[in-house]
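Here is how the chains run, residue by residue.
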Amino acid sequence: MQTNTLYYKLTASEFEWAITEEKKIRAWGFNNQLPGPVLTAKKGDTLIIKVKNDLAEPTVVHWHGIRVPASMDGTGEVQRPIQPGEEFEYRFAVPDSGTFWYHSHQNETVQMERGMYGALIVEDDADPVVDADKVFMIDDMKLNRDNSFKEGNFFSRWAERHDGRQGDTLLINGKENPVINVQAGQTERWRFINSSSARYFVLHLDGRSFRIIGTDGGLVEKPVTATEVLITPGERVDILAGPFAEGETFPIESLPYNRSTFLKAKREQFATVKVGKFKPSVALIPDILKKIEPLAPKDADVTRKITLAVGPSLKHGIDFLVNGTMHANDKPVYVGELQVWEVFNTSLMDHPFHLHGYFFQVLEDKGKAPDYLAWKDTINLKPRSKVKIAWVPDNRPGMWMYHCHIIEHHEAGMMANFEVIDPNKGAQFEGQHHHHCKN
Ligand code: C2O
Ligand code: CU
């Protein structure tokens, strides 16, 4: 297979962004766009991405879902944050096709909230043939009447720490209720990425059925017909949308989801789809999209238990914990050794658990095997529940992490670092202490 080296440049800065014609915000983002540009590549390509920081504070860029080398993971653990005025060159191959994204991993509760994210799409010759391919990045913002970002008072900050920051300005690709034009008779691939801080998005096309064809780690085995699907912060879902009939108009909306916080679950509209004139389809959707080999049986022996919890805090009212501590350090894993992790959520609210750099399979969720096999890097945990996942660390030793992808919970401590060790080389980081960088 022929592969290429692709060069991209991303400049992080503050700029004016129109979420509607009248509503203008001071966004932070990449290349004066919100979201940042869609980076595309073909499976196997090498990307060289120069990131220039024109913000007034440090930043780093994390490549969510890409199996990069540890040194390219874009966290404060593996690189010195890019200082104002500085540049950093990320260089990595993209070994998997699918829907991925990049986002700031520094002062995330501010930087991600203001728009520092974009999509990274990796294509494959074996992808199903569709009539169009669209990316939808879901977000929301909490704005004042004058469209400045809400700072809040003591109580609202406490509530945000508890619930995650969720606002009433609903965005798809940086726009409020945009119109999405499609033509009748067409089958399109729609790639949804939940880039919000904390919002649970239950995709619904006003009752129309669609086919799920991909998740975090690319295509699933075969299309799954559905009328709704939950996409938690960090997760991706690819669907086949259509064919629709000429003249139809319907919303892309989220059904109410109660994640047991103070926020009220509502049904909300994110975009409006308008179906125009008929156009013959050239789509070609195979019955089998991809083969996924199961990593382990449902009853495989558990190699590690992880507990996500919340606890009282004198300083903050509430802390978010992994195995009883904030910003934890977990035991290392060894290259090639099957990991079977049981992740418990003892708290009374949902948490989307995200593993950096590696895909896992869900063996058991709420006591049963999932409906279909998929490669995942983020999985939701309901209150007082557990999931059992399996994964194998391939040969990319170094420091990695897992955390809750509700950005405020991550910041408030619900994360852990761990090392992947190449048994032939031994530990590179043993004895060192890894602190979560906050500024
Ligand atoms: Cu998108 Cu540390 O995560
Ligand atoms: Cu959480």
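Residues numbered from 1 in each chain as written. Chains lettered and ligands numbered in written order. Predicted model: local features only at pLDDT ≥ 70, side-chain atom pairs only at ≥ 80, totals over all residues. Heavy atoms only, no water.

*Asks:* Just checking my understanding: could you explain the layout of surface pockets for this structure?
*Replies:* Remark: the empty space left among the atoms is shown by a probe the size of a water molecule rolled over them. Counted as a void, the largest pocket has a volume near 800 Å³. Every residue lining the largest pocket is counted, 27 residues in all, and those nearest its centre are Asp 365, Lys 366, Pro 370, Tyr 372 and Ile 379. Listed by contribution, the elements that provide at least two residues to the lining of the largest pocket are strand 15 (210-215), strand 16 (218-226), strand 17 (228-231), strand 18 (236-241), strand 27 (361-365) and strand 28 (378-381). Broken down by class, the residue content of the lining of the largest pocket amounts to 15 nonpolar, three polar and nine charged. Both of domain 2 (132-278) and domain 3 (304-421) provide at least three residues apiece to the lining of the largest pocket. (1 Å grid on protein atoms, 1.4 Å probe; cavity = no way out; pocket = protein on both sides within 12 Å on 5 of 7 lines; lining within 4 Å. Points joined across faces, edges and corners; volume = space filled by probe spheres on them. Helix = DSSP H or I, 4+ residues; strand = E, 2+ residues; numbered from the N terminus. Nonpolar A, V, L, I, M, F, W, Y, C, P; charged D, E, K, R; others polar. Domains from an automatic or database assignment.)

*Asks:* Would you take a moment to explain the coordination of the copper ion (ligand 2) for this structure?
*Replies:* The expected angle between donors at a tetrahedral four-coordinate metal is 109.5 degrees. At an octahedral six-coordinate metal it is 90 or 180 degrees. Taken together, the protein donors to the copper ion (ligand 2) comprise His 351 (ND1), Cys 404 (SG) and His 409 (ND1), at separations of 2.0 to 2.1 Å. Summarised as a motif, the one-chain spacing of the donors to the copper ion (ligand 2) is H-x52-C-x4-H. Taken together, the positions of His 351 in strand 26 (residues 351-355) and His 409 in helix 3 (residues 407-411) put the pair 58 residues apart, joining distant regions of the chain. Given the relative accessible area of 0%, His 351 is considered buried. (Donors = N, O, S within 2.8 Å, 3.2 Å for Na, K, Ca; no water. Buried < 20%, exposed > 50% of the residue type's maximum accessible area, 1.4 Å probe, protein only.)

*Asks:* Which parts of the structure should I look at to understand the packing of aromatic side chains?
*Replies:* Both the distance between ring centres and the angle between the ring planes are used here to describe each pair of aromatic rings. The full count for this structure, using the stated rule, is 22 aromatic pairs. Aromatic pair Trp 341 and Tyr 402: ring centres 5.7 Å apart, planes at 70°, arrangement edge-to-face. Of this pair, Trp 341 sits in strand 25 (residues 339-345) while Tyr 402 is found in strand 30 (residues 398-404), placing the two residues 61 residues apart along the sequence. Here Trp 341 and Tyr 402 have matching classes, each one buried. In this structure, Arg 114 packs its charged tip against the face of Trp 28, placed 5.1 Å from the ring centre. Cation over ring: Lys 175 sits above Trp 17, and NZ or CZ is 4.7 Å from the ring centre. (Phe/Tyr/Trp six-rings, centres within 6.5 Å; stacked < 30°, edge-to-face > 60°. Lys NZ or Arg CZ within 6 Å of the ring centre and 35° of its normal.)

*Asks:* Mind showing me how you'd approach the nonpolar core here?
*Replies:* A general tendency of soluble globular proteins is for nonpolar side chains to be buried together. Counting 62 residues, the largest nonpolar core has Trp 63, Tyr 90, Phe 92, Trp 341 and Phe 353 as the members making the most contacts within it. Excluding residues that lie within four positions of it along the chain, Tyr 90 makes contacts with Leu 47, Ile 48, Ile 49, Val 51, Val 60, Val 61, Trp 63, Met 72, Gly 74, Gln 79 and Ile 82. If you look at the next biggest cluster of nonpolar residues, it comprises 27 residues, including Leu 170, Phe 192, Ile 252 and Ala 271. (Core = buried A, V, L, I, M, F, W, Y, C linked by side-chain atoms within 4.5 Å. Contact = heavy atoms within 4.5 Å.)

*Asks:* What is the right way to look at the domain arrangement of the chain in this model?
*Replies:* Where the parts come together, the accessible area they lose is often given as the size of the interface. Segmenting the chain into domains produces domain 1 (5-123), domain 2 (132-278) and domain 3 (304-421). Just the C-alpha atoms count here: the centres of domain 2 and domain 3 sit 24 Å apart. Between domain 2 and domain 3, the residue contacts involve 27 residues of the former and 29 residues of the latter. A buried area of about 2100 Å², summed over both sides, lies between domain 2 and domain 3, and 51% of it is on carbon and sulfur atoms. (Buried area = accessible area lost by both parts, 1.4 Å probe.)

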